[in-house]
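Here is how the chains run, residue by residue.
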Amino acid sequence: MILAVLAALAGGAILTQRLLGRQHAIERREQSLELQQMEAQAMLAEAGLWKQRLDWLQANQPTMTSESQASEKLLEEMLAAAGKHNLVVQKQQLHEASRQAFFHEVGVTLTVLGDLPDVFRWMHGLLTPASFQLVSQLKIVPDAKDKTKVIATVRINRRHAPAITAVATPQEGAGS
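Everything in this summary refers to the structure shown in the same document. (Residues numbered from 1 in each chain as written. Predicted model: local features only at pLDDT ≥ 70, side-chain atom pairs only at ≥ 80, totals over all residues. Heavy atoms only, no water.)

A few points about the overall build of the protein chain
Here's step 1: For the protein chain, the count of helices and strands is four helices and four strands.
Here's step 2: Relative to the compact-globule value of 16 Å for 176 residues, the protein chain shows a C-alpha radius of gyration of 30 Å, a clear excess of over 25%.
Here's step 3: Overall, the C-alpha framework of the protein chain stretches about 100 × 50 × 25 Å when taken along its three principal axes.
Here's step 4: Of all 176 residues assigned to the protein chain, the portion counted as buried reaches 24%.
Here's step 5: Sequence-distant contacts in the protein chain: of pairs separated by 6 or more residues, those separated by 24 or more amount to 66%.
Here's step 6: Once the 18 positive and 17 negative side-chain charges of the protein chain are each reduced to a mean point, those two points are 5 Å apart. (Helix = DSSP H or I, 4+ residues; strand = E, 2+ residues; numbered from the N terminus. Rg over C-alpha atoms; globule rule 2.2 N^0.38 Å. Buried < 20%, exposed > 50% of the residue type's maximum accessible area, 1.4 Å probe, protein only. Contact = heavy atoms within 4.5 Å. Lys, Arg positive; Asp, Glu negative; His and termini not counted. Charge placed at Lys NZ, Arg CZ, Asp CG, Glu CD.)

Remarks on the side chain of Ser131
Here's step 1: Relative to the assigned elements, Ser131 resides in the loop between helix H4 (116-126) and strand E3 (133-142).
Here's step 2: Within the structure, the side chain of Ser131 is placed 2.9 Å from the backbone oxygen of Leu126, a separation counted as a polar contact.
Here's step 3: A distance of 2.7 Å separates the side chain of Ser131 from the backbone oxygen of Thr128, its partner in a polar contact.
Here's step 4: Setting aside anything within four residues of it in sequence, one finds Ser131 in contact with Leu126 and Arg158. (Polar contact = N/O pair within 3.5 Å; in protein donor to acceptor, adjacent residues only side chain to side chain.)

As for the packing of aromatic side chains
Here's step 1: For the structure on display, the rule yields one aromatic pair.
Here's step 2: Relative to Phe132, the ring of Trp56 lies with its centre 5.5 Å away and its plane at 25 degrees, an arrangement referred to as stacked. One end of the pair, Trp56, is in helix H2 (residues 47-60); the other, Phe132, is in the loop between H4 and E3, and 76 residues separate them in sequence.
Here's step 3: Assessed through its relative accessible area of 12%, Phe132 is described here as buried.
Here's step 4: In this arrangement the basic side chain of Arg53 is found over the ring face of Trp50, its NZ or CZ atom lying 4.5 Å from the centre.
Here's step 5: Here the guanidinium or amino end of Arg159 rests over the ring plane of Phe103, the centre of that ring lying 4.0 Å away. (Phe/Tyr/Trp six-rings, centres within 6.5 Å; stacked < 30°, edge-to-face > 60°. Lys NZ or Arg CZ within 6 Å of the ring centre and 35° of its normal.)

Okay, structure coming up:
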């Protein structure tokens, strides 16, 4: 009888332990689902903002007809902008175009000589949202000949819209 009681108690303890483990797993899953639900609600609340951003992007992002033309145009614009800021272009290099899923990118590296404020004004003017340009590499060192000047090596990339930019939006009342 004592053995049966001990076996029943041990079995009850093992069963209780398993049930508690399952209960904790269910509680963790419930917390995870609640977090996912909150994230989904936050994303749905921001849907209008992201739709506006997508519309702006599709309306304003430049398209690329030819990689070589896009690269040359970027180089011409960078050289003209550098000239406006009294920068001397010492070296220039075009980079091979890159194709990504959501954009196509062309790039140019310029090494310019000038006053530090002029270099930063030049770069600041390049980085407007509507230009779709970014500085992916930057190295600034003092000029060995004239300590009032700096030599900046800057890689500037411009992102163009890919061939297909339209995004299908779900229809009202469709599927679930």
